[in-house]
Amino acid sequence: MMSRIWVLQLQIFSICYGYDMQCPDQTQRSTRASAICVDPLKYSCLDDSSKSYYVNNKKIIGYSENCTRFDKEGAGKKIVIRGGLDGIKCDKYRYQPIPFLTNVSHQCLFQKSLCTEEGQVVANDSMTNTDVSCRCDYTKGYVFLYRPAHPCFCIPSDEDCSCYLKKCNYNENLSSG
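About the thresholds
Residues numbered from 1 in each chain as written. Predicted model: local features only at pLDDT ≥ 70, side-chain atom pairs only at ≥ 80, totals over all residues. Heavy atoms only, no water. Helix = DSSP H or I, 4+ residues; strand = E, 2+ residues; numbered from the N terminus. Buried < 20%, exposed > 50% of the residue type's maximum accessible area, 1.4 Å probe, protein only. Core = buried A, V, L, I, M, F, W, Y, C linked by side-chain atoms within 4.5 Å. Contact = heavy atoms within 4.5 Å. Disulfide = S-S within 2.5 Å. Salt bridge = Lys/Arg side-chain N within 4 Å of Asp/Glu carboxyl O.

Some remarks on the overall build of the chain
Per the secondary structure count, the chain includes one helix and 14 strands. The proportion of buried residues among the 177 residues of the chain is 28%.

Focus on the nonpolar core
Counting nine residues, the largest nonpolar core consists of Cys115, Val132, Cys134, Cys136, Tyr142, Phe144, Cys154, Cys161 and Cys163. Only strand S12 (133-136) and strand S13 (142-144) provide two or more residues apiece to this core. Those residues within four positions of Phe144 in sequence are excluded, and the remaining contacts are Cys134, Arg135, Cys136, Pro151, Cys152, Phe153, Cys154, Cys161, Ser162, Cys163 and Tyr164. Within the second largest apolar cluster, six residues are counted, among which are Cys23, Ala33, Cys37 and Tyr43.

A few points about the state of the cysteines
Per the counting criterion, the structure on display carries six disulfides. At a sulfur-sulfur separation of 2.0 Å, the disulfide partner of Cys23 is Cys45. Judged by the sign of its S-S torsion, about -85°, the bond between Cys23 and Cys45 is left-handed. Of the two residues, Cys23 sits in the segment before helix H1 (26-36) while Cys45 sits in strand S1 (residues 44-47), which places them 22 residues apart along the sequence. No difference in accessibility class separates Cys23 from Cys45, as the two residues are buried. Between Cys154 and Cys161 runs a disulfide, and the two sulfur atoms are separated by 1.8 Å. For Cys161, a relative accessible area of 5% corresponds to the buried category. Shown here for the chain is a disulfide pattern of 1-3, 2-4, 5-6, 7-8, 9-12, 10-11, where each number marks a bonded cysteine counted in sequence order.

What to know about the environment of Ala75
The topology assignment puts Ala75 in the loop between strand S5 (72-73) and strand S6 (77-82). Along the sequence, Ala75 and Cys90 sit 15 residues apart, while their C-alpha atoms lie 9.3 Å from each other.

Notes on the pattern of salt bridges
Tallying each qualifying case throughout the model produces five salt bridges. Across the pair Asp47 and Lys78 runs a salt bridge, and its minimum N-O distance is 3.0 Å. Of this pair, Asp47 sits in strand S1 while Lys78 sits in strand S6, placing them 31 residues apart in sequence. Asp47 sits in the buried class, given a relative accessible area of 10%. Among the residues examined, Lys78 registers a relative accessible area of 3% and is labelled buried.

If you want it as structure tokens, here you go:
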């Protein structure tokens, strides 16, 4: 009787991809913190200037994770690593109305609204602790659909900033108020 011997050959391929580390999204932050930290409440992931670099005149932000230190910064600022922990103003399109904790996020928590609905223009976008304020473009005949808390502007995250085109009588013009 002949016996047959089957040889099974197994090949394992290993592929390593490099990528730029990014901080986890808010929805994944607690999962990441639990995976790498003994005390997940001390987890932080922050912009790290020593790991940032430029490619084609575009800044690529480097990040660092940590499980031992966390800090607090005042409203309108976020914390970054520049040698040590340092507070800087929120990015142009974000704002932070309350004190910032590094174990919560690497960026200011709120995204600024856009004043892009029909007839809207930006009234003020210079603050880092409040949302942008919008106004209706009265120079083109637009007025607020609903009276906002302030007569000349509204804050989209707090109230309806809808505008409509108002028909004026002959020789009448709208004013900013």
